[in-house]
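Secondary and tertiary structure notes
Each chain, letter by letter, is given below.
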Amino acid sequence: QVQLVESGGGLVQPGGSLRLSCTASGIFSSIHTEGWYRQAPGKARELVATITSGGSTGYADSVKGRFTISRDNAKNTVYLQMNSLKPDDTAVYYCNLRISLTSYWGQGTQVTVSS
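To keep things clear, this report deals only with the structure shown in the data block. The model shown is predicted, which means the values in this text are computed figures rather than measured ones. (Residues numbered from 1 in each chain as written. Predicted model: local features only at pLDDT ≥ 70, side-chain atom pairs only at ≥ 80, totals over all residues. Heavy atoms only, no water.)

Attention shifts here to the state of the cysteines. Under the defined criterion, the tally for this structure stands at 1 disulfide. One disulfide in the model links C22 with C95; its S-S distance is 2.1 Å. Because the sign of the S-S torsion sets the handedness, a value of about 55° for the bond joining C22 and C95 places this disulfide among the right-handed ones. Here the residue C22 occupies a position in strand β3 (residues 18-25), and C95 occupies one in strand β9 (residues 91-99), the gap between them amounting to 73 residues. Of the residues examined, C22 reaches a relative accessible area of 3% and is grouped as buried. (Disulfide = S-S within 2.5 Å. Helix = DSSP H or I, 4+ residues; strand = E, 2+ residues; numbered from the N terminus. Buried < 20%, exposed > 50% of the residue type's maximum accessible area, 1.4 Å probe, protein only.)

Turning next to the sheet that holds β3. Judged by pairing direction, the sheet is antiparallel, and its 4 strands sit side by side in the order β1-β3-β8-β7 without closing on themselves. The strands lining the two open edges of the sheet, one partner per strand, are β1 (3-7) and β7 (67-72). Each neighbouring strand pair of the sheet contributes to a mean axis angle of 15°, computed without reference to strand direction. In this structure, β3 lies alongside strand β8 (residues 77-82), joined through 6 bridges in antiparallel fashion. When the bridges of β8 are listed, R19 appears paired with Q81. (Pairing = 2+ DSSP bridges. Axes fitted to C-alpha atoms, helices over the stretch in contact; angles between N-to-C directions.)

A word on the pairing of strand β4 (residues 33-39). For β4, the buried fraction is high: 5 of the 7 residues fall into the buried class. The pairing of β4 with strand β5 (residues 46-52) spans 6 bridges and is classified as antiparallel. Bridging from a neighbouring strand, R38 pairs with E46 of β5. The turn joining β4 and β5, which pair antiparallel and follow one another in sequence, is formed by 6 residues; a positive phi near 75° is taken by G42. Bridge analysis of β4 against β9 gives 7 bridges, and the strand direction is antiparallel. Within β9, the position partnered with G35 by the bridge is N96.

Encoded structure:
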């Protein structure tokens, strides 16, 4: 059984920064993909960033140059560093672990960007 626990959300002003973290418990394959998704009120959940077990990263166009996904293997934790935050970034952010066709999800953490 794999469990994901995330934290780091909060309220920030436009232009501010937040760092989200997601720690995985349990044992799973070394070959996997982790990612961050977000869902704003009234909108569908969208992919924000991904990182493979090999370290390759990918980003949605809307966050390129502002967000960075990374991993600390020793801590079994994936991070999302969010800089230059905009009001449109306001959403519940979810971390995800995908192993083949199986996905595991964190509980979600609220990020609100507002003056």
